[in-house]
Amino acid sequence: MDSGEDSFIQLPCPGGLEDGCPAATPEQVRREIERCKELCTALEQDHAKLQMAKEAVEQRTQELRKEGELLHKNLEQQMSLKRDEERSCQVDVFLAEEENNRLRQEKQVLKKKLEEVRKRVLCEDAMLPTLPEKKMVFKGLATNKEDMNKLMLTPLIRYPLLGGSALITFEKAEVAQRIIEVKEHIVELSYGEELEELDRCRVRVQAAPVDILLPSALEIGLTRSSRSILLSDLPSLGISEEALLDKLELFFSKTKNGGGEVESREFLDDSGQVVLTFAEDGVAGPLIARGHIQVLIGKGKYKLKISPCMSGDITNLQLQPSCCPRTVLLSGIPDVLAEEPMRDALEIHFQKASRGGGEVDALAYVPAGRQGVAVFMEDAG
């Protein structure tokens, strides 16, 4: 419908003049009917559109209702999750407060322990083991500050040597490398003799590098003995070690001298000190705290120094392989000559430059059927 007038059906007045309307002709009636049909069709279309609009509105209403219900459900779930999170946060806060209180108490305990350790360290510092006092002269050898607390190790490697083998050390490392690269060598055993070619004796030997294990890291754990003391500054009385140990044991076994029953005694040859071990605890501590004591030995009194007795054990030892640069292992040597002639033949052969050899620094030979041990020391060169 295009206007307000199209919404109403106006019919011509029947009877013509009776109601003041002129009489309609058949043609006018037909046109009027057609117009009414068009209006009816338009009304039906409007009704259909309105019906579709109504159904769309109802469908949208249902969708909005479902969306509202879903939003309400999600909101309730979120509220429930939020409440759970709040409760969880409250529990976490409570646990954190308890952990904080526990850590605070633990901190106080550790502070007390640290204070006790500090006091004990201060007491032990006064009783640290010391070496006998000796006058020393500085000769000008200096070291880096970071190396002052390092333990220097001097390698002393024992290498088992099987029968029918030899170790040969050259003055130059490049000579040893040449011998190893050739691997197999034919050694002439008839040097200095006028013999026919068929009468000459030759042997084949194998050359290989010498691989040994050297310490790369060492950790030593120190333990202080609770029953032992270390005595130093001992006098030179011209008596035997046993006699000196007897006199020291006799003196320190008396309670009036601060001692007790002596369980064992030991004279340390490398340092000239004595270790006394008592049978009971509580004897060594007061003696160490004194630091020095006047000991009556024979007709004289001597001031001895008393220190704690420390023992060390290797707690960690790491080794790394190392190749001897100037030494070659010769194997497969047959037992065809006596030990001395075979050693001379090997040395003569490997000294010849024409054979790839050079000046020999040392040679050790073990005949077949025997075994030997070679000792490798630090190369000063």
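See the structure above.
Now for a quick tour of the structure. Bear in mind the structure is a predicted one, so any value in this text is a computation, not a measurement. (Residues numbered from 1 in each chain as written. Predicted model: local features only at pLDDT ≥ 70, side-chain atom pairs only at ≥ 80, totals over all residues. Heavy atoms only, no water.)

1. Some details on the overall build of the protein chain
Helix and strand content of the protein chain: five helices and ten strands. By the burial criterion, 24% of the 381 residues in the protein chain qualify as buried. Here the analysis covers contacts within the protein chain between residues at least 6 apart in sequence; of these, 72% occur between residues at least 24 apart. A total accessible area of about 27900 Å² is found for the protein chain, and carbon and sulfur atoms account for 54% of it. (Helix = DSSP H or I, 4+ residues; strand = E, 2+ residues; numbered from the N terminus. Buried < 20%, exposed > 50% of the residue type's maximum accessible area, 1.4 Å probe, protein only. Contact = heavy atoms within 4.5 Å. Areas by Shrake-Rupley, 256 points an atom, 1.4 Å probe, with all protein chains shown as cover.)

2. Focus: the pairing of strand E1 (residues 156-161)
The two faces of E1 differ: Ile157, Tyr159 and Leu161 on one face are buried, but Leu156, Arg158 and Pro160 on the other face are not. Bridge count between E1 and strand E10 (residues 372-377): six bridges; the pairing is antiparallel. Residue pairing for E10: Leu161 is matched across the bridge by Gly372. (Pairing = 2+ DSSP bridges.)

3. Regarding helix H5 (residues 339-351)
Because an α-helix packs 3.6 residues into every turn, residues spaced three or four apart end up facing the same way. A rise of 1.5 Å per residue sets the reference length of H5, with its 13 residues, at 18 Å; its end C-alpha atoms lie 18 Å apart and thus fit the reference within 8%. When H5 is considered as a whole, its buried residues turn out to be Met342, Arg343, Ala345, Leu346, His349 and Phe350. Looking straight down H5, one finds that the buried residues subtend no more than 160° of arc, so they occupy a single side. (Expected span 1.5 Å × (residues − 1). Arc of directions from axis to C-beta.)

4. Overview of the side chain of Asn257
Position of Asn257 among the secondary structure elements: in the loop between helix H3 (241-252) and strand E5 (262-268). Look at Asn257 and you get buried, because its relative accessible area is 16%. Sequence-distant contacts of Asn257, that is, excluding residues within four places in its chain, are made with Phe251, Leu287, Arg290 and Ile293.

5. Digging into the pattern of salt bridges
The full count for this structure, using the stated rule, is 17 salt bridges. For the salt bridge of Arg87 with Asp84, the shortest nitrogen-to-oxygen distance reads 2.1 Å. On the criterion of helical spacing, the pair formed by Arg87 and Asp84 is a turn pair, its members being three residues apart in helix H1 (residues 26-125). The exposure class of Arg87 is partly exposed, given its relative accessible area of 47%. A salt bridge links Glu242 to Arg265, with the nearest nitrogen and oxygen atoms 3.1 Å apart. Here Arg265 lies in strand E5 and Glu242 lies in helix H3, a separation of 23 residues in the sequence. Its relative accessible area of 48% is what places Glu242 among the partly exposed residues. For Arg265, a relative accessible area of 26% corresponds to the partly exposed category. In this structure, a network of salt bridges that share partners links the residues Glu242, Asp246, Glu249 and Arg265. (Salt bridge = Lys/Arg side-chain N within 4 Å of Asp/Glu carboxyl O.)

6. Some thoughts on the packing of aromatic side chains
Following the criterion strictly, the structure yields one aromatic pair and no others. Where Phe251 meets Phe252, the ring centres are 5.1 Å apart and the plane angle is 80°; that geometry is what we call edge-to-face. Across this residue pair, the class does not change: Phe251 and Phe252 are buried. (Phe/Tyr/Trp six-rings, centres within 6.5 Å; stacked < 30°, edge-to-face > 60°.)

7. Quick word on a nonpolar patch on the surface
A surface patch of nonpolar side chains, about 680 Å² in accessible area, is lined by Leu213, Ile220, Leu222, Met310, Ile314, Leu317 and Leu319. Secondary-structure elements contributing two or more residues to the nonpolar patch are strand E4 (202-232) and strand E8 (300-331). The leading source of residues in the nonpolar patch is E8, at four residues. Within the secondary structure, Leu319 is located in strand E8. On the accessibility criterion, Leu319 (46% relative accessible area) is partly exposed. (Patch = residues over 30% accessible without salt bridge, like charges linked within 9 Å, V, L, I, M, F, W, Y side chains within 5 Å.)

8. Digging into the pairing of E8
Relative to E8, strand E2 (residues 165-170) is paired through four bridges, and the arrangement is antiparallel. What sits directly across from Ile168, in E8, is Val328. Two strands pair when backbone bridges link them, and E4 and E8 are joined in this way by 21 bridges, in the antiparallel orientation. Paired with Glu219 across the strands is Asn316, a residue of E8. Direction of pairing for strand E7 (residues 292-297) relative to E8: antiparallel, over a ladder of six bridges. Residue Leu296 lies in a different strand from E8, and its bridge partner there is Lys301. Taking the residues that link successive antiparallel strands as the turn, the E7-E8 hairpin has two residues, and the phi of Gly298 there is positive, at about 70°.

9. So, the nonpolar core
Residues Ile168, Phe170, Val328, Leu330, Ile333, Leu346 and Phe350 are the most contacted members of the largest nonpolar core, which totals 22 residues. Elements with a minimum of two residues in this core: E2, helix H2 (173-182), E4, E8, H5 and strand E9 (360-366). Non-local contacts of Phe170, meaning those with residues more than four positions away in its chain, are made with Val175, Ala176, Ile179, Arg326, Val328, Phe350, Gly358, Glu359, Val360 and Asp361. With 21 residues, the next largest nonpolar core counts Leu234, Val274, Ala284 and Val295 among its residues. (Core = buried A, V, L, I, M, F, W, Y, C linked by side-chain atoms within 4.5 Å.)

10. Some remarks on unusual backbone geometry
Notably, Lys183 is not glycine yet its phi reads approximately 70°, a positive angle. Among the residues examined, Lys183 registers a relative accessible area of 56% and is labelled exposed. The phi dihedral of Asp233 falls on the positive side, at around 60°, and the residue is not glycine. For Asp233, a relative accessible area of 30% translates into the label partly exposed.

11. Considering H3
Between its first and last C-alpha atoms H3 spans 16 Å; for twelve residues at 1.5 Å apiece the expected length is 16 Å, and the two agree. Turning to H3, its buried residues are Leu244, Leu245, Leu248, Phe251 and Phe252. Mapping the buried residues of H3 onto a view down its axis gives an arc of 130°, with all of them on the same face. As for H3, its buried residues are in contact with E4, E5, strand E6 (273-278), helix H4 (284-290), E7 and E8.

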